[in-house]
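Here are the chains, one letter per residue:
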Amino acid sequence: MFLSGRDQKVNSSLDERIAWRRALAAGLGTMVEYYDFQLFGIMSVFLGPVFFPGSGRETALLSTLAVFGGAFLARPIGGYIFGLIGDTRGRRVALLITVFGMGVASAATGLLPSANQAGLAAPVLLLLLRLAQGFFAGGEVTGAATYISESAPPGRRAFFGAFNPAAAVFGLTLATGISAIVEASIGSEAMAHWGWRLPFLLSVPLIIVCLWVRNALQESPGFKHDTVHLKSARQPILVVLSEFKKPLLLLVVLAFAQNVAAYMSLLFLSIQLTHSLGYNGVEVSRLIAVASFVAGMAMPWVGALSDRLGRRPVLGMGFLGYVFLAPLTLYVAEFGHMSWTALAVFVGCIPLVFVQATAYPLYTELFPTHVRYTGMSLGRVDKRSIRSS
């Protein structure tokens, strides 16, 4: 583990209030990023007929999810670019750019013409904006995790580090909750016609607030104190690929498993309940929003547990929990009873808490400061490719 030694000395002088402030500010950007990124998946049921009219219901949804997966093509490029910026110019600069780019792409999606208005240009523009989202998302969550870990006091790294996955879950909660509120307010027919645009346009005020908060952040202590390495790592990607192959491979494997499980618990389950099993969309959105919020609130405390017990046993408990609880959740949902389904969803989120709260802090410990942002971004190149399924 590399987040020790110099990191411990640098961070030992941190006031815990400063650590709280930095963790919350970095997490806010991650929340906005996941709001933007996940909103596309949540809105896929409505986007299909708008951008792929004339297709059957199943075909339109699959076409939209294919565009949703387009972000994964651009994500490796974004991971490389923002890893380079983050490891040479600073974490703060990279994090300001990523959250701004994500917000602009999301807001622009809400302004797109439909296929009936613009023909083939409409889905093409939708794909281009999705590619832009993937590009900027390539450096956001890894940068925020890096910044938080380098700003956390010794012995509290996973507690504060868990703010990042918690913020990601809150972003999903916000996207799901806003979608449910809008649909409940204007009705499903209006939502399908024009109301789907409103959640995307909400990105504008969210980004303004996030930029204001992040602009006030200081650079992470670890980055500021590692000037010698920074000067020698102008191409951090080469350093990672030549000197840190094993940590990189471990990160790829863990991130792959982490995100398959996470999206089975939340996004795929939401689509499965509404699209395949016929549950009321508003009720499902509310359920997922509440379950996600509760899960996010629990993550820092599970992170604190891994600070005491170690990353491996807590992470192992989480993955083992998925093996038993994920199939059980889907099985109970097939009975069609909302109350039992709600209980199953809440129980099914327990492994999500354990894995997400432990994995993010663990990833930052696999690489030293001068290549940490790049190593995190490269190692998580494949993580979002699962989300299109």
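Scroll up a little and you will see the structure.
Residues numbered from 1 in each chain as written. Predicted model: local features only at pLDDT ≥ 70, side-chain atom pairs only at ≥ 80, totals over all residues. Heavy atoms only, no water.

Trainee: Honestly, the overall build of the chain in this entry has me stumped. Any pointers?
Mentor: The secondary structure content of the chain amounts to 22 helices and zero strands. Expressed as a percentage of its 389 residues, the buried residues of the chain come to 60%. In the chain, once contacts between residues fewer than 6 apart in sequence are set aside, the share between residues at least 24 apart is 87%. Approximately 15,400 Å² of the chain is accessible, and the part contributed by carbon and sulfur atoms is 69%. (Helix = DSSP H or I, 4+ residues; strand = E, 2+ residues; numbered from the N terminus. Buried < 20%, exposed > 50% of the residue type's maximum accessible area, 1.4 Å probe, protein only. Contact = heavy atoms within 4.5 Å. Areas by Shrake-Rupley, 256 points an atom, 1.4 Å probe, with all protein chains shown as cover.)

Trainee: How do you make sense of a nonpolar patch on the surface when you look at a structure like this?
Mentor: On the surface, a nonpolar cluster with roughly 430 Å² of combined accessible area is contributed by V290, F293, V294, M297 and F346. With four residues, helix α18 (residues 281–309) is the single largest residue contributor to the nonpolar patch. Mapped onto the elements of the fold, M297 is located in helix α18. Given a relative accessible area of 45%, M297 falls into the partly exposed group. (Patch = residues over 30% accessible without salt bridge, like charges linked within 9 Å, V, L, I, M, F, W, Y side chains within 5 Å. Salt bridge = Lys/Arg side-chain N within 4 Å of Asp/Glu carboxyl O.)

Trainee: What am I meant to see in the side chain of S377 here?
Mentor: With respect to the helices, strands and loops of the structure, S377 is situated in helix α22 (residues 372–379). Here S377 falls in the buried class, since its relative accessible area comes to 0%.

Trainee: Just to check I follow, could you spell out the packing of helix α15 (residues 236–243) against α22 for this structure?
Mentor: A pair of packed helices is captured by two measures, namely the crossing angle of their axes and the spacing between those axes. As a packed pair, α15 and α22 sit with axes 9 Å apart at the nearest point and diverge in direction by 70 degrees. Put simply, α15 runs roughly perpendicular to α22. For the crossing formed where α15 meets α22, the hand is right-handed. Packed against α15, whose contacting residues are P236, I237 and V240, the element α22 presents T374, G375 and L378 at the interface. For the contact of α15 with α22, the residue count by class is four nonpolar, two polar and no charged. (Axes fitted to C-alpha atoms, helices over the stretch in contact; angles between N-to-C directions. Parallel < 35°, antiparallel > 145°, perpendicular 65-115°, else oblique. Left-handed = near helix turned anticlockwise from the far one by under 90°. Nonpolar A, V, L, I, M, F, W, Y, C, P; charged D, E, K, R; others polar.)

Trainee: How should I be thinking about the pattern of salt bridges in this particular structure?
Mentor: Where charged atoms of side chains with opposite charge meet at close range, the side chains can pair. Scanning the entire structure with this criterion turns up seven salt bridges. Among the salt bridges present, the one from R91 reaches E150, with a minimum N-O distance of 2.6 Å. Here the residue R91 occupies a position in helix α5 (residues 91–109), and E150 occupies one in helix α7 (residues 121–151), the gap between them amounting to 59 residues. Each member of the pair, R91 together with E150, is buried. A salt bridge links R157 to E365; the nearest nitrogen and oxygen atoms lie 3.3 Å apart. Of this pair, R157 sits in helix α8 (residues 157–161) while E365 sits in the loop between α21 (350–364) and α22, and the two are 208 residues apart along the sequence.

Trainee: Hey, could you run me through the packing of aromatic side chains in this one?
Mentor: Enumeration over the complete set of coordinates arrives at 16 aromatic pairs. On the numbers, 5.2 Å between centres and 75 degrees between planes, the contact of W20 with F163 is edge-to-face. Here the residue W20 occupies a position in helix α2 (residues 16–42), and F163 occupies one in helix α9 (residues 163–186), the gap between them amounting to 143 residues. A ring pair is formed by F170 and F293, whose centres lie 5.4 Å apart and whose planes are at 35 degrees; its orientation type is tilted. Residue F170 is found in helix α9, and its partner F293 is found in helix α18; the two are separated by 123 residues along the sequence. Among the aromatic residues, those joined into a ring-pair cluster are W20, F159, F160, F163 and W301. The lysine or arginine in question, R130, covers the ring of F40, its NZ or CZ lying 4.8 Å from the ring centre. (Phe/Tyr/Trp six-rings, centres within 6.5 Å; stacked < 30°, edge-to-face > 60°. Lys NZ or Arg CZ within 6 Å of the ring centre and 35° of its normal.)

Trainee: Looking at this model, I keep getting lost on the nonpolar core. Mind explaining?
Mentor: Most often, soluble globular proteins keep nonpolar side chains buried together rather than apart. Ranked by size, the top nonpolar core spans 54 residues in total, and within it F37, M43, L47, F51, F160 and W196 carry the most contacts. Counting only elements with at least two residues in this core, the list comes to α2, α3 (44–51), α4 (57–88), α5, α7, α8, α9 and α12 (203–215). Of all the elements, α2 adds the most residues to this core, at ten residues. Once you skip the residues sitting within four places of it in the chain, F160 turns out to touch E16, A19, W20, A23, I148, A152 and P153. Counting residues in each nonpolar core, the second largest holds 48 residues, with A145, I288, C349 and Y360 among its members. (Core = buried A, V, L, I, M, F, W, Y, C linked by side-chain atoms within 4.5 Å.)

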